[in-house]
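Listed here are the chains, written in short residue letters.
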Amino acid sequence: MTDSQEASDTPVLPEIRQASISLDERSADASWYELVSKGVELIPSARANYDTQEPELMVMGPAQVLVLDSKYYAMAYGVDHTEAMRQMLIQHDNQEQNDALQAEFGDRIVARGLIDEPEYGILITLTDTGALPPDRVLYRPANKLSERETVAQSYRTMTPEGIMLTQAELDKAMELIESPTRFIVKFEVSPKAKNLTDAQKQLMYDRSNELNKQIPMLIGSSYDSREGEYRIYVHEEDAKAAGLTEKKLKQIGEKVMKMPVRIKWAKGYATYGNE
């Protein structure tokens, strides 16, 4: 787990607090959720073998996709594989709970983030226009799979990128998908918290897209509404190999985002992020 934090329901996400991680960082696009929703998807069997002109395609179900992507997630964020799968399920399958929170608190919600203390869950930052709600426990609903999955042939042995899947891991993923997943919702009230206007959100989103082009090894970003700074999370090894120091990255970030920028180093990539 990194020492990063925070997220909201906007394209560029406000930071909430130390020891949490942005929803935007850990779920940079909806590819995994789309796979779960559709049930199956065509996935290249040699994801990192760039010498292959036309990689073999195979059909993978939601459990196998979860096992595979969570391996990268675990490496990137320093959690064990089972916990990585659990956290990904909470992140990508919480729309019903988020809709209920939005209906309950409306414009008081300034930011939504992910926390891992005292246990994994969501942190909601509210304006100080009302009382602080008590913490609560929610459950991601169980999803019944149509059939038992088996490990695809291409992942029964080590891939060029050092990944293989076992039937035990796949069985665990199916068990997690078909069971409710507990998570907590904590609330905090920030006297300085303020929602961005739609125009401000769009401008920040547009600038963040340009930032992704200029820093290819960028794996996530978040905006701290309380500090007025933009935080970018960069793959440390790749950045240094490209000659990009923290000072240089900060200069690029501030030129593009037109605000103070803080660099946060990351050790790995998640497969659903900026590959």
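Refer to the structure presented above.
Here we summarise the structure given alongside this text. (Residues numbered from 1 in each chain as written. Predicted model: local features only at pLDDT ≥ 70, side-chain atom pairs only at ≥ 80, totals over all residues. Heavy atoms only, no water.)

### Topic: the environment of I252
You can see I252 is positioned in helix α9 (residues 246-257). A residue is classified by how much of its surface remains accessible, and I252, at 13% relative accessible area, is buried. Separated by 38 residues in sequence, I252 and Q214 have C-alpha atoms that sit 7.8 Å apart. Those residues within four positions of I252 in sequence are excluded, and the remaining contacts are L211, Q214, I215 and L244. (Helix = DSSP H or I, 4+ residues; strand = E, 2+ residues; numbered from the N terminus. Buried < 20%, exposed > 50% of the residue type's maximum accessible area, 1.4 Å probe, protein only. Contact = heavy atoms within 4.5 Å.)

### Here's the deal with helix α6 (residues 167-177)
Those residues of α6 not exposed but buried are E169, L170, A173, M174, L176 and I177. The buried residues of α6 occupy an angular sector of 160° when projected down its axis, which confines them to one face. Among the structural elements, α3 (62-77), α4 (81-92), β6 (136-140) and β7 (181-189) are those in contact with the buried residues of α6. (Arc of directions from axis to C-beta.)

### A closer look at unusual backbone geometry
Residue P118 is bonded to the preceding E117 through a cis peptide linkage, with omega at 0°. For P118, the position within the fold is in the loop between β4 (109-115) and β5 (121-126). Residue K258 is not a glycine yet carries a positive backbone phi of 60°. Mapped onto the elements of the fold, K258 is located in the loop between α9 and β10 (261-266). The exposure class assigned to K258 is exposed, which follows from its relative accessible area of 59%.

### Topic: the environment of A173
Its place among the elements puts A173 in helix α6. Contacts of A173, omitting those with residues within four sequence positions, involve A63, L66, V67 and M85.

### Some details on the side chain of H235
Within the secondary structure, H235 is located in strand β9 (residues 229-235). At 3.1 Å, the side chain of H235 and the backbone nitrogen of D238 are in polar contact. Not counting chain neighbours up to four residues away, the residues in contact with H235 comprise M217, I219, W265, A266, K267, G268 and Y269. (Polar contact = N/O pair within 3.5 Å; in protein donor to acceptor, adjacent residues only side chain to side chain.)

### Considerations on helix α7 (residues 198-214)
With 17 residues, α7 should reach 24 Å at 1.5 Å per residue; the first-to-last C-alpha distance of 25 Å fits that figure. Looking only at α7, the buried set comprises M204, S208 and L211. Down the axis of α7, the smallest arc covering the buried residues is 55°, so these residues share one side. Facing away from the buried side of α7 by over 90 degrees, the exposed positions are D198, A199 and K213. Those residues of α7 hidden inside the fold are in contact with β8 (218-224), β9 and α9. (Expected span 1.5 Å × (residues − 1).)

### Details of the pattern of salt bridges
Scanning the entire structure with this criterion turns up 13 salt bridges. Across the pair E169 and K71 runs a salt bridge whose closest N-O atoms are separated by 3.0 Å. Here E169, found in helix α6, pairs with K71, found in helix α3; they are 98 residues apart in sequence, far enough to count as distant. Taking the shortest distance from any N to any O, the salt bridge between R140 and D93 comes out at 3.2 Å. Within this pair, whereas R140 is found in strand β6, its partner D93 is found in the loop between α4 and α5 (95-105), the two being separated by 47 residues in sequence. (Salt bridge = Lys/Arg side-chain N within 4 Å of Asp/Glu carboxyl O.)

### Considerations on the sheet that holds β8
What the three strands build is an open sheet, ordered β8-β9-β10; its pairing is mixed. Among the strands making up the open sheet, the edge pair consists of β8 and β10. Pairwise comparison of adjacent strand axes, ignoring direction, gives a mean angle of 20° for this sheet. Both β8 and β9 contribute to a ladder of six bridges, which runs antiparallel. Bridge pairing links S222 to R231 in β9. Its contacts with the sheet put α7 on β8 and β9, and the angle it makes with β9 is roughly 25°. Contacting β9 and β10, α9 crosses the sheet at an angle of about 130° to β10. (Pairing = 2+ DSSP bridges. Axes fitted to C-alpha atoms, helices over the stretch in contact; angles between N-to-C directions.)

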